[in-house]
Amino acid sequence: MTQARQPAFFGSQGVSDTPEGRTAMIIAVIFPVLERLGTEGRQTARLARYLSETFVTDVDDTLREMGVGDMSVPKKVKRAAQALGERCLAYRRAVQAADPVAALSAELATSVPGLDASSEGADAMARRILKFKDHLGTVPLDRLAAAVADFASPRAE
């Protein structure tokens, strides 16, 4: 979660510094991790579930810290959980496209607030996600489970 909140994403990359933008960045960073965990079958299914549950808990905690009314929190958390699943599916399809950078960039431009106005930001973010996804393929599961893998710095290409 912390890696998705790097200030440069919201500055030079063009992501909107709003609750929606921050949530979209968390999903973008979680996606490659969930994809990596999905390649290991049953061995990592529990870890993938815990990561998804951590996302949902983080959204719930954040909404409550922001003072969102108790009655609307469950609906908003449900929408965030659905967004995680829907965006991961869309990102997975984009990564499998003939031109994954272009396909993922287009997907990010429609799902990450602020990137619709910055094709350079969307392209850079797509390359970063793909690089991180490739890197995760080389990270041993025990290190991944210990959250040792780092999402590339926003300044690194």
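Everything here concerns the structure above.
Residues numbered from 1 in each chain as written. Predicted model: local features only at pLDDT ≥ 70, side-chain atom pairs only at ≥ 80, totals over all residues. Heavy atoms only, no water.

A. Highlighting the overall build of the protein. Across its full length, the protein holds 7 helices and 0 strands. Along the protein, helices (α) and strands (β) appear in the sequence α-α-α-α-α-α-α when read from the amino end. Here the protein has a C-alpha radius of gyration of 15 Å; the compact-globule value for 157 residues is 15 Å, and the two agree. Seen through its C-alpha atoms, the protein measures out along the principal axes to roughly 45 × 40 × 25 Å. Across the 157 residues in the protein, those meeting the buried criterion constitute 41%. Long-range pairs, those at least 24 residues apart, make up 61% of the contacts in the protein between residues at least 6 apart in sequence. (Helix = DSSP H or I, 4+ residues; strand = E, 2+ residues; numbered from the N terminus. Rg over C-alpha atoms; globule rule 2.2 N^0.38 Å. Buried < 20%, exposed > 50% of the residue type's maximum accessible area, 1.4 Å probe, protein only. Contact = heavy atoms within 4.5 Å.)

B. Focus on the pattern of salt bridges. If you walk through the whole model with that rule in mind, you get 3 salt bridges. Between Arg 92 and Glu 35 there is a salt bridge; the shortest N-O distance is 2.7 Å. On the criterion of sequence distance, the pair formed by Arg 92 in helix H4 (residues 73–95) and Glu 35 in helix H2 (residues 19–38) is long-range, its members being 57 residues apart. We classify Arg 92 as partly exposed; its relative accessible area is 33%. Classification of Glu 35 as buried rests on a relative accessible area of 14%. (Salt bridge = Lys/Arg side-chain N within 4 Å of Asp/Glu carboxyl O.)

C. Region of the structure containing the nonpolar core. Counting residues in hydrophobic clusters, the biggest one holds 43 residues, and the most contacted among them are Val 15, Met 25, Phe 55, Leu 104, Leu 108, Val 112 and Met 125. Elements supplying a minimum of two residues to this core: helix H1 (7–10), H2, helix H3 (42–65), H4, helix H5 (100–111), helix H6 (119–136) and helix H7 (141–145). No other element matches H2, which puts 11 residues into this core. (Core = buried A, V, L, I, M, F, W, Y, C linked by side-chain atoms within 4.5 Å.)

D. Fine view of the side chain of Glu 35. There is a polar contact of 2.7 Å between the side chain of Glu 35 and the side chain of Arg 92. With near-sequence residues (within four places) excluded, Glu 35 lies in contact with Arg 92 and Lys 133. (Polar contact = N/O pair within 3.5 Å; in protein donor to acceptor, adjacent residues only side chain to side chain.)

E. View of the packing of aromatic side chains. As enumerated under the stated definition, the model contains 1 aromatic pair in all. Between the aromatic rings of Phe 31 and Tyr 91, the centroid separation amounts to 5.6 Å while the plane-to-plane angle is 75 degrees, which identifies the pairing as edge-to-face. One end of the pair, Phe 31, is in helix H2; the other, Tyr 91, is in helix H4, with 60 residues separating them in the sequence. Here Phe 31 and Tyr 91 have matching classes, each one buried. (Phe/Tyr/Trp six-rings, centres within 6.5 Å; stacked < 30°, edge-to-face > 60°.)

F. Region of the structure containing the environment of Thr 18. Along the chain, Thr 18 falls in the loop between H1 and H2. Given a relative accessible area of 27%, Thr 18 falls into the partly exposed group. Spatially, the C-alpha atom of Thr 18 lies 13 Å from that of Ser 111, the residues being 93 residues apart in sequence.

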